[in-house]
Amino acid sequence: MNAQPKTVKHPCFDKSSEGVCGRVHLPVAPQCNIKCGYCDRRHDCVNESRPGVSTAVLTPAQAGIYLSGILAKEPRISVVGIAGPGDPLANPEETFGTLREAKKLNPNIIGCLSTNGLMLPKYAGEIAESGVTHVTVTVNAVDPEIGAKIYAWVRDGKVIRRGREAAEYLLERQLEGIRAVKEKGLKVKVNMILIPGVNDHHVEAVAEKMASLGVDVLNVMPMAPVAGTPFENVLEPTPEMMEAARAKAEKFLPQMRHCRRCRADAAGLLGEDRSREFGPYLKECAEIIPIDLRNRPNVAVATREGLLINQHLGEADSFQIWSKAPEGFKLVETRKAPPSGGNVERWKELASILSDCRAVLVSGFGKVPEAVLEAEGLTLLEMSGFIDMGLSAVYEGKGLGALKKRSASGCRKSSGCGGDGGGCG
Ligand code: SF4
Ligand code: SF4
């Protein structure tokens, strides 16, 4: 059985902990605000291990559920990082929302994020306040002439810059942002992607500049050529080229030599990545329907005998109302449903009867009730099986495969429902 590491360390910043402390990347940041010549985030191949790639993208609430499952499966994880698949600071709500979820789950977990640095000056304060202690910034050039060959464009708000102007703008923000997070006492690693023929002669200049800003460690990474990108035909640097580059940079800064070029959904120890194994669970979590938790402590269930979820929404003449109790789940009461017929008005009345419920568990439903109830903040979930299973899925995110995120057009009721609400009526 996996053991919780005694001392919580960041395995990328501290090589001595790489065999005992792991990391999980939560893929919650799909947007990016710059365009690097080596990046294409469209591919997802489980055999492909590189930044920018993820099996799914999660919302902060889904990420919280995913993280709690991952920590149970792999307690050696000591770092929760946000590393894409775009740029975390181009998705600030998702990034900070997720970091808050992570800290709620485990206040001792190390918070980490990787960014291109464009928005670092703006968010340095919020990063520190959110409990992040380790930041990685990718700096590929400290000369805008070289930067202009790497970045196609840089977007800040509605303004898009290109060419040298873009590279200059990005570099200014990277330098200002690194200074700002160092002033806040954070550990900073700089990643430099080595692109033969473009910035391979520039490693010492980057290392020297980063050292002057107080950066803690430099990670010179080989560029992985990706088909369809401007650098698709550039040959990947050889191990000898990488070692020569690191040796030059080492005159200025400690070097990271154990980087694994992780995916945006990496999970596990650096040398024992389990993202392939956790991929199906990640996809399951990405399917969880966002449920309105505000003032909605209960769950409504359509059941014939009180054991199974086995009634279609339109058939149920009453709903059991369940809530979460310290010892499990508690049946609060049974509420009568409005009489059949009445179409939209019937579902509005049901929404009002179930206004304290976060979800309604049923064996099927039609399009009209789905639209009406969801507009009123109720989530309809189709499932079959024991009521307890459904409640565990809604309240605890357990056994999520039992719940189906399904559009009402896929309703399986056999008799006479055209999805227009009439068949449910
Ligand atoms: Fe891709 Fe990252 Fe560059 Fe954005 S910053 S273009 S996600 S490599
Ligand atoms: Fe650590 Fe490198 Fe993986 Fe980032 S890509 S988490 S630095 S091993």
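Residues numbered from 1 in each chain as written. Chains lettered and ligands numbered in written order. Predicted model: local features only at pLDDT ≥ 70, side-chain atom pairs only at ≥ 80, totals over all residues. Heavy atoms only, no water.

Participant: Looking at this structure, I do not really get the overall build of the protein. What am I missing?
Facilitator: Helix and strand content of the protein: 11 helices and 18 strands. Going through the 425 residues of the protein one by one, you find that 55% of them count as buried. Summarising the internal contacts of the protein: among those between residues at least 6 apart in sequence, 71% fall at separations of at least 24. Counting every atom, the protein has about 18,600 Å² of accessible surface; 51% of that belongs to carbon and sulfur. (Helix = DSSP H or I, 4+ residues; strand = E, 2+ residues; numbered from the N terminus. Buried < 20%, exposed > 50% of the residue type's maximum accessible area, 1.4 Å probe, protein only. Contact = heavy atoms within 4.5 Å. Areas by Shrake-Rupley, 256 points an atom, 1.4 Å probe, with all protein chains shown as cover.)

Participant: Would you mind going over the packing of helix H3 (residues 120–129) against helix H5 (residues 163–183) with me for this structure?
Facilitator: The axes of two packed helices give the description: the angle between them and the distance between them. Between H3 and H5, the least distance of the axes is 8 Å, while the angle of their chain directions is 20 degrees. Judged on the interaxial angle alone, H5 and H3 are roughly parallel. In this structure, H3 meets H5 at a crossing whose hand is right-handed. On H5, the residues that touch Leu 120, Pro 121 and Ala 124 of H3 are Arg 173, Glu 176, Gly 177, Ile 178, Ala 180 and Val 181. Its residues assigned to classes, the contact of H3 with H5 shows six nonpolar, one polar and two charged. (Axes fitted to C-alpha atoms, helices over the stretch in contact; angles between N-to-C directions. Parallel < 35°, antiparallel > 145°, perpendicular 65-115°, else oblique. Left-handed = near helix turned anticlockwise from the far one by under 90°. Nonpolar A, V, L, I, M, F, W, Y, C, P; charged D, E, K, R; others polar.)

Participant: Sorry, what's going on with the pattern of salt bridges here?
Facilitator: Opposite charge on two side chains allows them to pair when their charged atoms are near. In this structure the tally under the stated criterion is 21 salt bridges. When the shortest N-O distance is used, the salt bridge between Lys 9 and Asp 14 registers 3.7 Å. Take Asp 14: its relative accessible area is 24%, and that puts it in the partly exposed class. Between Arg 335 and Glu 333 there is a salt bridge, with the nearest N and O atoms lying 2.7 Å from each other. The buried category is assigned to Arg 335, whose relative accessible area is 17%. (Salt bridge = Lys/Arg side-chain N within 4 Å of Asp/Glu carboxyl O.)

Participant: It is not clear to me how the sheet that holds strand S4 (residues 110–115) should be interpreted in this structure. Could you clarify?
Facilitator: To summarise the sheet geometry, strands pair through backbone hydrogen bonds and adopt either a parallel or an antiparallel arrangement. With respect to topology, eight strands assemble into an open sheet ordered S9-S8-S5-S4-S3-S1-S10-S11, the strand pairing being mixed. Both outer strands of the open sheet, strand S9 (217–222) and strand S11 (272–273), are each paired with one neighbouring strand and no more. (Pairing = 2+ DSSP bridges.)

Participant: Just to check I follow, could you spell out the site of ligand 2 for this structure?
Facilitator: Taken together, Cys 12, Arg 23, His 25, Lys 189, Met 256, Cys 259, Arg 260, Arg 261, Cys 262 and Leu 270 make up the full set of residues adjacent to ligand 2. Of the residues that constitute the shell around ligand 2, the class distribution is five nonpolar, one polar and four charged. (Near = heavy atom within 4 Å.)

Participant: So what exactly am I meant to see when it comes to unusual backbone geometry here?
Facilitator: What you tend to see is this: most non-glycine residues have negative phi, and most peptide bonds are trans. Although it is not a glycine, Arg 261 sits at a positive phi angle of roughly 50 degrees. Within the secondary structure, Arg 261 is located in the loop between helix H7 (239–249) and strand S10 (267–269).

Participant: Would you explain the pairing of strand S8 (residues 187–194) in this entry?
Facilitator: For a regular strand, side chains alternate in direction, first toward one face of the sheet and then toward the other. Burial analysis of S8 places seven of its eight residues in the buried class, the great majority of the element. In the sheet, S8 pairs with S9 via six bridges, with the strands oriented parallel. Bridging from a neighbouring strand, Lys 189 pairs with Val 217 of S9. As for the winding sense of the linkage, the β-α-β connection from S8 through helix H6 (residues 203–212) to S9 is right-handed. (Right-handed = clockwise from strand over helix to strand, strands pointing away.)

Participant: What's the story with a nonpolar patch on the surface in this structure? I'm lost.
Facilitator: A grouping of Leu 307, Phe 386 and Met 389 is seen on the molecular surface, where their side chains present a nonpolar patch of about 290 Å² in accessible area. Mapped onto the elements, Leu 307 comes out in the loop between strand S12 (298–301) and strand S13 (308–309). (Patch = residues over 30% accessible without salt bridge, like charges linked within 9 Å, V, L, I, M, F, W, Y side chains within 5 Å.)

Participant: Would you mind showing me how to read the nonpolar core here?
Facilitator: Nonpolar side chains tend toward joint burial in soluble globular proteins. Core analysis: the biggest nonpolar cluster contains 76 residues, and Val 24, Tyr 66, Ile 127, Ile 178 and Met 210 have the highest contact counts within it. Counting residues per element, this core draws most heavily on H5, at seven residues. When residues no more than four places from it in sequence are discounted, the contact partners of Val 24 are Tyr 66, Leu 67, Ile 70, Ile 77, Val 79, Val 80, Gly 81, Ala 266 and Ala 267. (Core = buried A, V, L, I, M, F, W, Y, C linked by side-chain atoms within 4.5 Å.)

Participant: For this particular structure, what's the right way to read the sheet that holds strand S7 (residues 159–162)?
Facilitator: Taken in spatial order, the three strands line up as S2-S6-S7 in an open sheet, and their pairing is antiparallel. Looking along the sheet, the strands with just one partner apiece sit at the ends: strand S2 (34–36) and S7. For this sheet, the mean angle separating the axes of adjacent strands, direction not counted, is 20 degrees. In terms of strand pairing, strand S6 (residues 151–156) meets S7 through four bridges, oriented antiparallel. The residue of S7 that forms the bridge with Trp 153 is Arg 162. Sheet strands in contact with H5 are S2, S6 and S7, and its direction is about 60 degrees off that of S6.

Participant: Help me out: how do you make sense of the packing of aromatic side chains in this one?
Facilitator: Each aromatic ring pair is characterised by the separation of its centres together with the angle its planes make. Counted under the stated rule, the structure contains three aromatic pairs. For the pair Phe 329 and Tyr 395, a centre-to-centre distance of 5.7 Å together with 25 degrees between the ring planes defines the contact as stacked. You can see Phe 329 sitting in strand S15 (residues 328–336) and its partner Tyr 395 sitting in helix H11 (residues 387–396), a full 66 residues away along the chain. Here Tyr 395 falls in the buried class, since its relative accessible area comes to 14%. Between Lys 73 and the ring centre of Tyr 281, over which it is positioned, the NZ or CZ distance is 4.5 Å. The lysine or arginine in question, Arg 161, covers the ring of Tyr 169, its NZ or CZ lying 3.7 Å from the ring centre. (Phe/Tyr/Trp six-rings, centres within 6.5 Å; stacked < 30°, edge-to-face > 60°. Lys NZ or Arg CZ within 6 Å of the ring centre and 35° of its normal.)

Participant: Is there a simple way to explain the pairing of S6 in this structure?
Facilitator: Where S2 lies against S6, two bridges are found, and the strand directions are antiparallel. Across the sheet, Ile 34 pairs through a bridge with Val 154, a residue of S6.

Participant: Explanation requested: the confidence of the model for the protein in the structure shown.
Facilitator: The pLDDT averaged across the protein works out to 85; a share of 87% of its residues lies at or above 70. Here residues 43–49 is modelled with pLDDT under 50, and outside its nearest four sequence neighbours on either side it reaches 20 contacts, counting other chains as well. In the model, residues 405–425 has pLDDT below 50 throughout and makes 40 contacts with residues more than four positions away in sequence or in other chains. (pLDDT = per-residue confidence, 0-100.)

Participant: Looking at this structure, I do not really get the packing of helix H9 (residues 343–353) against helix H10 (residues 367–375). What am I missing?
Facilitator: The geometry of H9 relative to H10 is characterised by a closest axis approach of 9 Å and an angle of 40 degrees between their N-to-C directions. It follows from the interaxial angle that H9 and H10 lie oblique. By crossing handedness, the relation of H9 to H10 is classed as right-handed. Within the contact between the two elements, H9 uses Asn 343, Val 344, Trp 347, Lys 348, Leu 350 and Ala 351 and H10 uses Val 368, Pro 369, Val 372 and Leu 373. Here the residues of the contact of H9 with H10 sort into eight nonpolar, one polar and one charged.

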